[in-house]
Amino acid sequence: MAGSKLYDTIIVGGSYSGLAAAMTLGRALRNVLVLDSGYPCNRQTPYSHNFLTHDGEKPAQIAEKAKQQVLAYDTVTIRNDAAIKGFKSTEGFLIETANGNVFLS
């Protein structure tokens, strides 16, 4: 496995919702891993619209600011990797990634 660390939660997707969940759990002192492929579904959108306090900003800039805020919590880790398989085992839940890593929650 990629490490012997047991995560309380593994979040698949590091865009707005995933990062919001990671921040909430990080504030609650939970060990969280965010797996982010780097291909958000809004990557083709040049500017954000109807997003309060961020109208007209580039989505990538919003996400980068969010990542920095989430990483202020030392119990949160973000890895650039894509989850490709998840399953329950006797150890807990295992997530396999495109880079060949396996993480346990």
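Residues numbered from 1 in each chain as written. Predicted model: local features only at pLDDT ≥ 70, side-chain atom pairs only at ≥ 80, totals over all residues. Heavy atoms only, no water.

A. Highlighting helix α1 (residues 16-27). The end-to-end C-alpha distance of α1 is 16 Å, a good match for the 16 Å that twelve residues give at a rise of 1.5 Å each. Within the sequence span of α1, burial applies to Gly18, Leu19, Ala22 and Gly26. End-on view of α1: buried residues confined to an arc of 95°, all on one side of the axis. Of the exposed residues in α1, those oriented more than 90 degrees away from the buried face are Ser17, Thr24 and Arg27. Tucked inside the fold, the buried residues of α1 contact β1 (9-12), β2 (32-36), α2 (59-70) and β3 (76-80). At the exit of α1 stands Leu29, carrying a positive phi of roughly 60°. (Helix = DSSP H or I, 4+ residues; strand = E, 2+ residues; numbered from the N terminus. Expected span 1.5 Å × (residues − 1). Buried < 20%, exposed > 50% of the residue type's maximum accessible area, 1.4 Å probe, protein only. Arc of directions from axis to C-beta. Contact = heavy atoms within 4.5 Å.)

B. A look at the pairing of β2. By the criterion of burial, β2 is predominantly enclosed, with five of the five residues buried. Judged by which residues are buried, β2 turns out to be covered on both faces: Val32, Val34 and Asp36 on one side and Leu33 and Leu35 on the other are all buried. Judged from the four bridges that link them, β1 and β2 form a sheet pairing that is parallel. Paired with Ile11 across the bridge in β2 is Val34. With respect to chirality, the unit in which β1 leads through α1 into the neighbouring parallel β2 is right-handed. Looking at chain direction, β2 and β3 are connected through five bridges and run parallel. Directly across from Val32, in β3, lies its bridge partner Val76. (Pairing = 2+ DSSP bridges. Right-handed = clockwise from strand over helix to strand, strands pointing away.)

C. Highlighting the environment of Asp36. Inspection of the secondary structure puts Asp36 in strand β2. Of the residues examined, Asp36 reaches a relative accessible area of 9% and is grouped as buried. For the pair Asp36 and Ser48, spaced twelve residues apart in sequence, the C-alpha separation works out to 20 Å. Ignoring anything within four residues of it in the chain, the contact list for Asp36 reads Gly14, Lys67, Arg79, Asn80 and Asp81.

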